Protein chains: 2
Amino acid sequence: MPAHFTPSPRIRRSPYFDATVAAGVTSFTVYNHMYMPTSYGDPMGEYWRLIRGVTMWDVACERQVELAGEEAGRLAQILCPRKLDGMKPGQGWYVPVCDHQGVLLNDPILLKLAEDRYWLSIADSDLLLWAKAVAAERSLDVTVGEPDVSPLAVQGPKAVEVMIDLFGDQVRSLGYFHFREAELDGIPLLLARSGWSKQGGFELYLRDASRGTELWNRIKEAGAPYDIGPGCPNGTERVESGLLSFGGDTDAETNPFEVRLGRYVDLDAPDDTIGIRALRAINDRGAKRHQLGVVLDHGAKIPLHDLHAQVFRGAAPVGKMTTNTWSPRLERNIGICLVWSGVIPGDTVTVELPEGKRIEGEMRELPFL
Amino acid sequence: MPAHFTPSPRIRRSPYFDATVAAGVTSFTVYNHMYMPTSYGDPMGEYWRLIRGVTMWDVACERQVELAGEEAGRLAQILCPRKLDGMKPGQGWYVPVCDHQGVLLNDPILLKLAEDRYWLSIADSDLLLWAKAVAAERSLDVTVGEPDVSPLAVQGPKAVEVMIDLFGDQVRSLGYFHFREAELDGIPLLLARSGWSKQGGFELYLRDASRGTELWNRIKEAGAPYDIGPGCPNGTERVESGLLSFGGDTDAETNPFEVRLGRYVDLDAPDDTIGIRALRAINDRGAKRHQLGVVLDHGAKIPLHDLHAQVFRGAAPVGKMTTNTWSPRLERNIGICLVWSGVIPGDTVTVELPEGKRIEGEMRELPFL
């Protein structure tokens with residue numbers, strides 16, 4: 001797909017846009033109606049820097065849906081089939097958001113800023129519309145909107161060193177998915193220990209879009225001793241680590257149990273939680289599909305397929321491979337599959353790539369690494 | 001922004017994708033989580049073919065939100081602040097969809113297929129989530145989903161000739177925005193007289209995604225005597241014609257009155273119509289902004305700006321230019337503005353382009369042509 005990307009006023013620039021262009025961004029995708037960098041021209045270098053060093057990512061497209069007001073907590077609980085009773089300000093929790101049939105609509109991080117203020121830090125769907133509709137239809141005393149907040153991720157094993165240099169030693173004690181308010185040269189932020197990789201890292205939730213370039217450059221400068229470089233949410237590392245890509249690994253019928261999010265569903269969540277009755281029923285009868293990895297028996301690197309590939313066990317179609325990658329650490333082609341629940345790790349399958357090529361593979365538990 | 005586009009399983013291919021690649025597509029955007037072609041490498045040729053001849057567009061990304069069931073009509077009315085009483089099967093109506101505060105969420109064409117089946121043929125936002133939430137929260141007897149429907153537009157003054165050759169003379173009598181069921185070599189379609197241009201044309205709502213290439217080639221063949229060529233929703237023609245680009249010309253506060261959609265709001269729509277009370281109040285006090293055109297006083301072609309440009313009258317900021325283009329027919333740079341209601345046609349303004357250049361302009365009524 002050797003095609004260019006057409007800019008449009010319909011698609012928003014990130015506050016880091018100019019900085020990423022200066023840093024040599026070579027490709028984009030669109031995520032939540034915003035450009036998101038996907039490469040700076042050196043995919044292998046960007047991968048290894050994430051695995052061994054530290055990278056900085058423009059993930060401003062991870063937009064926030066803010067719930068603010070007296071009943072913000074009540075709305076959060078209505079939207080999330082995970083019991084939120086024990087949640088404290090300063091915590092972020094991974095939550096599936098489902099429709100009334102239990103179908104996954106998004107897989108945000110829910111940040112509790114205060115008893116009356118929450119952010120849903122969203123994947124790629126207009127969850128703002130969903131939350132707005134529910135709030136209004138239930139006449140809740142809550143305002144739903146998109147605040148001026150744009151995350152910048154600092155990811156990789158050396159990210160913590162960069163953060164300590166910037167924010168001091170207390171950074172070490174910040175728990176996973178926890179966050180606190182912070183400032184850098186007067187730039188207002190939330191500093192969170194989070195990010196869409198399993199290499200460790202932080203997200204700086206910039207709270208003033210006018211200061212994107214300034215923040216980018218400040219991080220770049222602080223990271224220089226650690227050889228920080230620009231990077232992006234990494235399609236290879238996330239497959240190795242088994243991270244979910246909402247919209248990529250899911251379809252119009254996917255429920256949380258199918259994609260390893262069952263642990264974030266509390267079946268005893270309040271009865272007025274959207275989807276909870278459907279999720280209880282699905283849990284009772286067992287999900288029809290589940291998510292597994294596949295290791296493909298093919299020496300050469302298979303390019304990323306943006307189409308789902310059919311998966312067969314013997315002659316029977318059993319599901320689809322939703323993404324694939326060449327793993328530099330495993331030195332194998334691997335993929336993530338959504339398959340019939342009867343397919344188990346160890347099974348031999350055949351994956352039919354969109355161009356027709358058939359490749360043998362073996363099912364594995366996720367994550368790979 | 002000379003960057004490439006990264007394919008992703010998160011972004012869907014249109015059923016016409018292969019055909020557009022074969023036709024030489026050179027760039028894409030993303031619209032409703034789907035690739036949409038934006039050029040075949042000859043922008044001026046594509047423009048003039050639309051104005052003088054006939055072009056075919058992959059607009060599968062114009063997805064449908066289907067309302068099906070006993071209370072489909074009731075849900076449609078709840079979602080649309082335009083009175084739908086008089087609507088007949090076979091008609092399509094342009095409708096603003098607003099939130100409870102009267103803010104525009106989308107500007108679809110509502111197609112009435114039957115008393116118990118409607119499609120909202122949507123612009124670029126996940127209206128599916130909105131409609132699903134409202135239907136479920138009001139416990140309506142209606143199913144909301146996205147059917148397998150993918151429009152292919154045939155646009156331009158000669159489009160009618162192509163359609164007559166394919167479907168017979170009765171095509172002439174099809175009213176604007178009206179549609180009927182049709183077949184082409186057994187390919188199931190809705191044939192509608194519609195499309196996102198003012199050059200006349202049709203949309204073929206393909207109802208079987210597996211037959212996209214077949215339909216594309218059938219149209220290409222039928223159009224050959226009329227020199228049909230591949231094209232795309234045309235950013236220049238739509239500015240000349242004053243067509244709204246939702247998400248591009250609108251922002252998080254835009255109401256229908258601000259963007260010339262007031263004529264599609266019926267203030268006496270039922271009280272349980274979402275947003276109607278807010279819209280009545282806005283109408284009473286008058287909208288603060290309105291949409292006008294601007295003709296820029298600059299000889300050279302100004303490239304498209306994907307950022308909004310500030311507009312000043314004298315020293316006072318009065319709004320923004322939301323898009324701009326070089327009009328080959330007017331031989332002028334023109335733009336669409338969202339400005340304070342006190343700014344009127346004939347006013348002289350200054351537009352500050354994102355890179356800082358300031359250009360004089362004169363406000364005009366829309367459309368330009």
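Residues numbered from 1 in each chain as written. Chains lettered and ligands numbered in written order. Predicted model: local features only at pLDDT ≥ 70, side-chain atom pairs only at ≥ 80, totals over all residues.

K.L.:
Looking at this structure, I do not really get the overall build of chain A. What am I missing?
P.N.:
Scanning chain A from N- to C-terminus turns up 8 helices and 22 strands. In terms of overall dimensions, chain A is globule-like: its C-alpha atoms have a radius of gyration of 21 Å, near the 21 Å expected for 369 residues. If you line up chain A on its principal axes, its C-alpha atoms span 60 × 50 × 40 Å. When each of the 369 residues of chain A is scored for burial, the buried share is 53%. Pairs at least 24 residues apart make up 67% of the contacts formed inside chain A by residues separated by at least 6 positions. (Helix = DSSP H or I, 4+ residues; strand = E, 2+ residues; numbered from the N terminus. Rg over C-alpha atoms; globule rule 2.2 N^0.38 Å. Buried ≥ 20, exposed ≤ 12 C-beta atoms within 10 Å, placed from the backbone. Contact = placed C-beta atoms within 7 Å.)

K.L.:
Sorry, what's going on with the domain arrangement of chain A here?
P.N.:
Many descriptions give the size of an interface as the accessible area lost when the pieces come together. Residues and elements named next belong to chain A. Each domain of chain A was delimited in the assignment, giving domain 1 (17–62 + 149–238) and domain 2 (288–369). For domain 1 and domain 2, the distance between their C-alpha centroids amounts to 31 Å. Taken together, the contact between domain 1 and domain 2 spans 4 residues of the former and 4 residues of the latter. Those elements that place two or more of their residues in the side of domain 1 that touches domain 2 are α2 (43–52) and α7 (235–241). (Domains from an automatic or database assignment.)

K.L.:
Could you clarify how one ought to interpret the relation of the copies chain A and chain B in this entry?
P.N.:
Relating one copy of the chain to the other takes a rotation about an axis and a shift parallel to that axis. At an RMSD of 0.0 Å, chain A and chain B line up after a rotation of 180 degrees and a shift of 0.0 Å along the axis. Overall, the copies show the geometry of a two-fold rotation axis. Mapped onto chain B, 100% of the interface residues of chain A again fall at the interface, so both copies present the same surface. (Least-squares fit on C-alpha atoms with pLDDT ≥ 70 in both.)

K.L.:
Looking at this structure, I do not really get the sheet that holds strand β21 (residues 348–352) of chain B. What am I missing?
P.N.:
Hydrogen bonds between backbone groups are what pair the strands of a sheet, and the pairing can be parallel or antiparallel. Reading around the barrel, the 6 strands line up as β17-β20-β19-β18-β21-β22 (chain B) and close back on themselves, with antiparallel pairing between neighbours. Adjacent strand axes in the sheet meet at a mean angle of 40 degrees, parallel and antiparallel pairs treated alike. (Pairing = 2+ DSSP bridges. Axes fitted to C-alpha atoms, helices over the stretch in contact; angles between N-to-C directions.)

K.L.:
Looking at this structure, how should I read helix α8 (residues 276–285) of chain B?
P.N.:
Every α-helical turn comprises 3.6 residues, leaving residues that sit three or four positions apart pointing alike. All names here are of chain B. Of the positions making up α8, those classed as buried are I276, L279 and I282. Looking down the long axis of α8, one finds its buried residues gathered within 120 degrees of arc, a one-sided arrangement. Away from its buried face, by an angle of more than 90 degrees, α8 presents the exposed residues A281, D284 and R285. Packing partners of the buried residues in α8 comprise β7 (97–98). Just beyond α8, the residue with positive phi is G286, at close to 90 degrees. (Arc of directions from axis to C-beta.)

K.L.:
When you look at the packing of helix α3 (residues 72–79) of chain B against helix α4 (residues 127–137) of chain B in this model, what are you seeing that I'm missing?
P.N.:
Helix-helix packing is described using two parameters, namely the angle between the two axes and the distance between the axes. All names here are of chain B. Where α3 meets α4, the axes come as close as 11 Å, and the angle between the chain directions of the two elements is 115 degrees. Here the hand of the crossing between α3 and α4 comes out right-handed. Listed contacts from α4 to L75, I78 and L79 of α3 are A131, V134 and A135. Classifying every residue of the contact of α3 with α4 by side-chain character gives 6 nonpolar, no polar and no charged. (Left-handed = near helix turned anticlockwise from the far one by under 90°. Nonpolar A, V, L, I, M, F, W, Y, C, P; charged D, E, K, R; others polar.)

K.L.:
Help me understand the interface of chain A and chain B in this model?
P.N.:
Between chain A and chain B, the contact holds 45 residues from the first and 45 residues from the second. Elements represented by at least two residues in the side of chain A that touches chain B include exactly β1 (4–5), β2 (27–31), β3 (34–39), α4 (127–137) and β19 (316–327) of chain A. Sorting elements by how many residues they give to the side of chain A that touches chain B places α4 of chain A first, with 7 residues. Split by residue class, the side of chain A that touches chain B holds 18 nonpolar, 17 polar and 10 charged.

K.L.:
Whenever I open this one, the nonpolar core confuses me. Can you help?
P.N.:
The tendency in soluble globular proteins is for nonpolar side chains to be buried as a group. Core analysis: the biggest nonpolar cluster contains 170 residues, and A131 of chain A together with A131 of chain B have the highest contact counts within it. When residues no more than four places from it in sequence are discounted, the contact partners of A131 of chain B are V65, L67, L79, L120 and V144 of chain B. Core analysis: the second largest hydrophobic core is formed by 19 residues, L292, L296, L338 and M363 of chain A among them. (Core = buried A, V, L, I, M, F, W, Y, C linked by C-beta atoms within 7 Å.)

K.L.:
Just checking my understanding: could you explain the environment of L292 of chain B for this structure?
P.N.:
With respect to the helices, strands and loops of the structure, L292 of chain B is situated in strand β17 (residues 289–296). As for L292 of chain B and H305 of chain B, which are separated by 13 residues in sequence, their C-alpha atoms are 17 Å apart.

K.L.:
I would appreciate a short explanation of unusual backbone geometry in the present structure.
P.N.:
Most peptide bonds take the trans configuration, and most residues that are not glycine carry a negative phi. All names here are of chain A. Between L366 and the following residue, P367, the backbone shows a cis peptide bond with an omega angle of -5 degrees. Examined against the element boundaries, P367 turns out to sit in the segment after β22 (358–364). Of note, R260 is a non-glycine position whose phi angle comes to about 65 degrees, a positive value. Here R260 lies in the loop between α7 and α8 (276–285).

K.L.:
What is the right way to look at helix α2 (residues 43–52) of chain B in this model?
P.N.:
Where α2 of chain B is concerned, the buried positions are E46, Y47, R49, L50 and I51 of chain B. Those residues of α2 of chain B hidden inside the fold are in contact with β3 (34–39), β4 (55–58), β12 (150–155), β16 (229–231) and α7 (235–241) of chain B.

K.L.:
It is not clear to me how the pairing of strand β21 (residues 348–352) of chain A should be interpreted in this structure. Could you clarify?
P.N.:
Along any regular strand, the residues point their side chains to alternate faces of the sheet. All names here are of chain A. Alternating residues of β21 divide into V349 and V351, all buried, and T348, T350 and E352, none buried. In the sheet, strand β18 (residues 309–313) pairs with β21 via 3 bridges, with the strands oriented antiparallel. Paired with V311 across the two strands is V351, which belongs to β21. The hairpin formed by β21 and β22 contains 5 residues between the paired strands, and G356 there has a positive phi angle of roughly 110 degrees.

K.L.:
For this particular structure, what's the right way to read the environment of D271 of chain B?
P.N.:
Assignment of secondary structure puts D271 of chain B in the loop between α7 and α8. Linking D271 of chain B and L128 of chain B, residues 143 residues apart in sequence, is a C-alpha distance of 23 Å.

K.L.:
Got a minute to help me understand the pairing of strand β22 (residues 358–364) of chain B in this structure?
P.N.:
Residues and elements named next belong to chain B. Inspection of the sheet shows β17 paired to β22 by 4 bridges, in the antiparallel sense. Residue pairing across strands places V294 opposite M363, the latter belonging to β22. Bridge count between β21 and β22: 5 bridges; the pairing is antiparallel. By the bridge assignment, T348 is partnered in β22 with E362.

K.L.:
Is there a simple way to explain the environment of V30 of chain B in this structure?
P.N.:
Following the sequence through the fold, V30 of chain B ends up in strand β2 (residues 27–31). With 94 residues separating them in the primary sequence, V30 of chain B and D124 of chain B have C-alpha atoms 9.0 Å apart. Setting aside chain neighbours within four positions, we find V30 of chain B in contact with V30 of chain A together with I11 and Y35 of chain B.

K.L.:
When you look at the sheet that holds β12 of chain B in this model, what are you seeing that I'm missing?
P.N.:
All names here are of chain B. Spatial strand order, β13-β14-β15-β12-β4-β16: 6 strands in an open sheet with mixed pairing. Among the strands making up the open sheet, the edge pair consists of β13 (179–184) and β16. Ignoring strand direction, the axes of neighbouring strands in this sheet form an average angle of 30 degrees. Here 3 bridges tie β4 to β16, and the two strands are oriented parallel to one another.

K.L.:
Where do I start with the confidence of the model for chain A in this structure?
P.N.:
Residues with a pLDDT of 70 or more make up 99% of chain A, whose mean pLDDT is 96. Interface predicted TM-score (ipTM) for the complex: 0.97; the corresponding pTM is 0.97. (pLDDT = per-residue confidence, 0-100.)

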